[in-house]
Amino acid sequence: MTGQTRDRRAGRCRTSCTPAPYGRAARPASDQGPISRSGPRSDVAGPGLALTGGVITIEHISKRRGRTTILSDVGFGARPGRVTGFLGPNGAGKSSTLRILLGLDRAQQGTALIAGRPFAAWRRPLTVVGALLDEGGAHRSRTGRAHLRWVAASNGLARSRVDEVLDLVGLADAAGKRVGSYSLGMGRRLGLAAALLGDPAVLVLDEPVNGLDAGGIRWMREFLRRRAAEGATVLLSSHLMGELAETVDDVVVIDRGRIIADGTLREVTGAHPSLEDAYFALTSAGTRGPR
Amino acid sequence: MRTELLKLAGLPSAWVAAALGLLIPPLLVTLNARAAPAGTDTGFLELTVGVLGPLVLGTIAAGSEYRGGQIRTSLVCVPSRARLLAAKTGAVTLTVAVTAALSAVLTLDVAGALTGGAGPRIAGVVVYWVLAALLAYGITLLTRSGVLPLTVLIVNTTAVSFSYLLTKVTPLAAYLPDLAGARMYLHDMDTPGDLAPVTGGLVMAAWVAALLGVAGYVFHRRDA
Amino acid sequence: MSTARAELLKLVTLPALALTAGLTWGLTALLALVADGADPIPYVRAGFLVLGVLAASSEYEGGQLRTTLLGTPRRARLQLAKALALALVTTPVAVVTVLLAGAGGAAYLVLITLLAAGVATVLRHALAGVVVVLGYYYVLGPFVRDRFDDGLWLPAAWALAAWCAATAAVLRRDA
């Protein structure tokens, strides 16, 4: 009961919160069995992560804003070691779902758990989940380095991590310049750097290749596949089919607030010649004009 | 110029600014009625403070272009920056003039000072408000952030006025735009020198013209 | 608390805040020199109000609030850390100002900074915050203030109320 109260205060879900006693995770419906990840990450984030791996579980999420239903009984999962693509037309509810997962928005119903706990229940979330969302997330008059420094400080991360992630994303030269002077691609890379500060086992990315050039897109794809191969859970949303088909292992398709497909890339593509064809067949995107 | 008016009308903050200008002076008059006795400047003093509304409007009109890259859209529609500025200036002028006239009439009515001879003084208020709004507009164009100019202008307009303080230091301060401009309708001013209403108006207009000139030039040369 | 450290870093690395503090000091010194007898504090008060507004509204530019919440999802704790950090940063600025002015109280200046920040958090916008806060203090203020004495408890109460309203807003709203 205590666990539930704590989750309720700290977390963002209202009903049917599955309390996660310390050290053990609740059994999510789509769990294939505990998948453990060995390595230094487990002692940074706590034993719960080691037992379940960074499994993302989303169940029965519903969200209304005023009289519009944005999400309706949305549920799916993402597993470690795989890249899961979250696909849908604009306005389908991809961003809303991810924001609920990350504790930024509230759902009226349902649970969204990362490694068995709601996002807000993690003491140092950046060591568990790294997120890259659409807007850069940095104030334009700070330098890139100053931005990363405060993000690192907020979770008690070492200052050396700042330089490490800057090197990782290739922004070491530009770190001393104001964020306002960054190009679109640089801004996204800064966001990615911030997401990687805590070396998280889970990565959640909303339209990560938006605004990147061809080189950037390829770099991102290879980077994400490498992370997944190392055992991370990667969940990314996109509306660019061609690129997604190159990157993902599993696909979840959402349209108008409902999940309409969930499976491996092969399963979802099915008999269609490509993911793009499957997507248009499944969603109404083909029958509407551009939104 | 119609597009600029429409743009302004689309900004909810612009309506708030107009409301401020319209409502603050009458409100202040009612509040003041208890404290101060009636004098030659009743109602008009409160209208001076009400210039807050036009100041905000001017700041918003200038700042809104910089937000969200709207400036690039505007420039595509009207490639000549000079014409864009002129249209914006016109839109601000018209909006503020209307608000000023309405507010002046309302305030003076509440203050019981709506007499026949008030006509020229009301005109003075209208010109003052328009010029003040353009002043805020020009400064915001230059500094690109509305916060600094708005802060300085708001503080200056109220009881805690820098300009007034400066007049204690040098009589030249009476030629600052706000003090000179107020001569257009205030008769009982505590500042050195004795500017006729029209002269005061011209001095303020000169300041504004110079400022808009500089702002326009910088705007023209600056990258979007 | 690591959240407070992060908030401190944020405040210290925001150039606009340093600029505001510098301008405030400069203005105080100037007024103290030039206008003998006149108390600079009513003029310079604006600087602190703007400081509070800028500090709070900077969180809402560029989507920074989301980044903050991703690191610190517990919003009440975040608000507390923000208040502490702001008070900590404002105090030296206030102390220097009071020294330069030769009058006034630093605690008062810190309290109004917190108040302004609370208002700006509710409004989420720098310009709106400036208009509301300065509009109150300079336009409406003289009427209201005449009815109350000069103690510190009133600004403290207002600052607390503003901060509670801000916290409630932050807890309730979508990011």
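Rules used in this analysis
- All residue numbers here refer to positions counted from 1 along the written sequence of the relevant chain.
- Working convention: letters from A go to chains and numbers from 1 go to ligands, in the order in which they are written.
- Given that this is a predicted model, residues contribute local features only at a pLDDT of at least 70 and side-chain atom pairs are listed and counted only at 80 or more, while totals for whole chains, interfaces and linings are drawn from all residues.
- A run of DSSP states H or I qualifies as a helix once it reaches four residues; a run of E qualifies as a strand once it reaches two. Both are numbered from the N-terminal end.
- Counting other C-beta atoms within 10 Å of each residue's C-beta, where C-beta atoms are placed from the backbone, gives the exposure class: buried for 20 or more, exposed for 12 or fewer, partly exposed between.
- We call two residues in contact when the distance between their C-beta atoms, placed using the backbone, is within 7 Å.
- C-alpha atoms define the radius of gyration in this analysis, and the globule rule sets the expected value at 2.2 Å times the number of residues to the power 0.38.
- An automatic or database domain assignment supplies the residue ranges for each domain.
- The residue classification treats Ala, Val, Leu, Ile, Met, Phe, Trp, Tyr, Cys and Pro as nonpolar and Asp, Glu, Lys and Arg as charged. All others, Gly included, are polar.
- Whether two strands pair comes down to DSSP finding at least two bridges between them.
- Lines fitted to C-alpha atoms define the axes, with helix axes restricted to the stretch in contact, and inter-axis angles between N-to-C directions lie between 0 and 180 degrees.
- Take the residue count of a helix, subtract one, and multiply by 1.5 Å to get its expected span.
- We define the nonpolar core as any set of buried residues of the types Ala, Val, Leu, Ile, Met, Phe, Trp, Tyr and Cys, connected via C-beta atoms lying within 7 Å of each other.
- Should an angle lie under 35 degrees it is considered roughly parallel, over 145 roughly antiparallel, and from 65 to 115 roughly perpendicular; all remaining angles are considered oblique.
- For a crossing to be left-handed, the near helix must be turned anticlockwise from the far one by less than a right angle; the clockwise case is right-handed.
- Per residue, pLDDT measures the predictor's confidence, with a range of 0 to 100.

Draft legend 1. Quick look at the overall build of chain A. From N to C terminus, chain A includes eleven helices and ten strands. In chain A, buried positions account for 52% of the 291 residues. A fraction of 69% describes how many contacts in chain A between residues 6 or more apart in sequence connect residues 24 or more apart.

Draft legend 2. Highlighting the overall build of chain C. Of regular secondary structure, chain C possesses eight helices and zero strands. Written out in order from the N terminus, the α and β elements of chain C read α-α-α-α-α-α-α-α. Taken against the 2.2 N^0.38 rule, which gives 16 Å for 175 residues, the C-alpha radius of gyration of chain C at 16 Å falls within 12% of a compact globule. Considered along the principal axes of its C-alpha atoms, chain C spans approximately 50 × 35 × 25 Å. Contacts in chain C between residues at least 24 apart in sequence constitute 78% of all its contacts with a sequence separation of at least 6.

Draft legend 3. The domain arrangement of chain A, seen in detail. All names here are of chain A. Each assigned domain of chain A is listed with its residue range as follows: domain 1 (2–128 + 201–282) and domain 2 (140–199). Each partner contributes residues to the interface: domain 1 has nine residues there, and domain 2 has ten residues. Each residue belonging to the side of domain 1 that touches domain 2 can be placed in one class, and the counts come to three nonpolar, three polar and three charged.

Draft legend 4. Geometry of the interface of chain B and chain C. The interface of chain B with chain C comprises 20 residues on the first partner and 18 residues on the second. Residue assignment for the side of chain B that touches chain C shows that the elements contributing at least two residues are helix H2 (12–35), helix H4 (52–66), helix H8 (147–157) and helix H9 (162–169) of chain B. It is H8(B) that provides the largest number of residues to the side of chain B that touches chain C, a total of five residues. Classifying every residue of the side of chain B that touches chain C by side-chain character gives 14 nonpolar, five polar and one charged.

Draft legend 5. A look at the sheet that holds strand S10 (residues 258–264) of chain A. Residue and element names in this part refer to chain A. Strands sit in the order S6-S7-S8-S3-S9-S10 across an open sheet of six strands; the sheet is mixed. Strands at the two margins of the open sheet, each flanked by one partner only, are strand S6 (129–132) and S10. Mean inter-strand twist for the sheet, computed between neighbouring axes without regard to direction, equals 15°. With five bridges connecting them, strand S3 (residues 83–87) and strand S8 (residues 233–238) associate as parallel partners. Counted as the bridge partner of Leu-87 is Ser-238 from S8.

Draft legend 6. Just the interface of chain C and chain A, in detail. Across the boundary between the two partners, chain C contributes 25 residues, which contact 30 residues of chain A. Those elements that provide at least two residues to the side of chain C that touches chain A are helix H1 (2–12), helix H2 (15–34) and helix H4 (64–71) of chain C. For the side of chain C that touches chain A, the class distribution of residues is nine nonpolar, ten polar and six charged.

Draft legend 7. Molecular detail of the environment of Leu211(B). Residue and element names in this part refer to chain B. You can see Leu-211 is positioned in helix H11 (residues 197–221). Note on Leu-211: 19 C-beta atoms within 10 Å, which makes it partly exposed. If sequence neighbours within four positions are ignored, Leu-211 has contacts with Leu-135, Gly-138 and Ile-139.

Draft legend 8. Molecular detail of helix H7 (residues 184–196) of chain A. Taking 1.5 Å of rise per residue, 13 residues should cover 18 Å, and H7(A) covers 19 Å from first to last C-alpha, within 8% of that figure. In terms of burial, H7(A) is largely enclosed, as eleven of its 13 residues are buried. Those residues of H7(A) lying buried are Met186(A), Gly187(A), Arg188(A), Arg189(A), Leu190(A), Gly191(A), Leu192(A), Ala193(A), Ala194(A), Ala195(A) and Leu196(A). Where the residues of H7(A) are buried, they touch S6, helix H5 (144–154), helix H6 (160–169) and strand S7 (202–206) of chain A together with H4 of chain C.

Draft legend 9. Spatial organisation of the pairing of strand S4 (residues 109–114) of chain A. Across the six residues of S4(A), five count as buried, placing the element largely inside the fold. Taking the residues between adjacent antiparallel strands as the criterion, S4(A) and strand S5 (residues 117–118) of chain A are bridged by two residues, where Ala115(A) takes a positive phi near 50°.

Draft legend 10. Quick look at the pairing of S10(A). As judged from the six bridges shared by strand S9 (residues 250–255) of chain A and S10(A), these two strands associate in the antiparallel manner. When the sheet's bridge partners are listed, Val252(A) is paired in S10(A) with Asp262(A).

Draft legend 11. Inspection of the nonpolar core at higher detail. Counting residues in each nonpolar core, the largest one holds 118 residues, and the members touching the most others are Ala133(B) and Val53(C). Ranked by residues supplied to this core, first place goes to helix H7 (residues 118–143) of chain B with 16 residues. The residues touching Ala133(B), leaving out its near neighbours within four places in the chain, are Pro54(B), Leu55(B), Leu57(B), Gly58(B), Val92(B) and Val96(B). Leu71(A), Leu192(A), Ala194(A) and Val234(A) belong to the second-largest nonpolar core, a separate cluster that totals 85 residues.

Draft legend 12. Up close: unusual backbone geometry. Residues other than glycine seldom take positive phi values, yet Asp73(A) does so here, at roughly 50°. Mapped onto the secondary structure, Asp73(A) falls in strand S2 (residues 68–78). Phi at Arg124(C) takes a positive value of approximately 60°, unusual for a residue other than glycine. Topologically, Arg124(C) is positioned in the loop between helix H6 (106–123) and helix H7 (126–145).

Draft legend 13. Region of interest: the packing of helix H5 (residues 75–101) of chain C against H6(C). Residue and element names in this part refer to chain C. The geometry of H5 relative to H6 is characterised by a closest axis approach of 8 Å and an angle of 140° between their N-to-C directions. As far as their axial angle goes, H6 and H5 are oblique. In the crossing of H5 with H6, the sense of the turn from one axis to the other is right-handed. Where H5 abuts H6, its residues Ala-83, Leu-86, Ala-87, Thr-90, Thr-91, Ala-94, Val-95, Thr-97 and Val-98 lie against Ala-106, Leu-109, Val-110, Thr-113, Leu-114 and Ala-117. The class makeup of the residues in the contact of H5 with H6 is eleven nonpolar, four polar and no charged.

Draft legend 14. View of the confidence of the model for chain C. All names here are of chain C. With 92% of its residues at a pLDDT of 70 or more, chain C shows a mean pLDDT of 88. Mean pLDDT values for the elements of chain C range from 81 in H7 up to 94 in H1. The complex model carries a pTM of 0.83, and its ipTM stands at 0.89.

Draft legend 15. The arrangement of the confidence of the model for chain A in detail. The predicted model of chain A has a mean per-residue pLDDT of 79, with 79% of residues at 70 or higher. For chain A, per-element mean pLDDT is lowest for helix H1 (residues 2–10) of chain A, which scores 37, and highest for H5(A), which scores 95.

Draft legend 16. Fine view of the sheet that holds S5(A). Residues and elements named next belong to chain A. Reading across from one edge, S2-S1-S4-S5 is the order of the four strands in this open sheet, with antiparallel pairing throughout. Looking at strand neighbours, the two that pair on one side only are S2 and S5, the edges of this open sheet. Of the pairings in the sheet, the one linking strand S1 (residues 56–65) to S2 comprises seven bridges and is antiparallel in character. Paired with Ile-56 across the two strands is Ala-78, which belongs to S2. This element, helix H4 (residues 94–101), spans S1, S2 and S4 of the sheet and lies at about 115° to S1.

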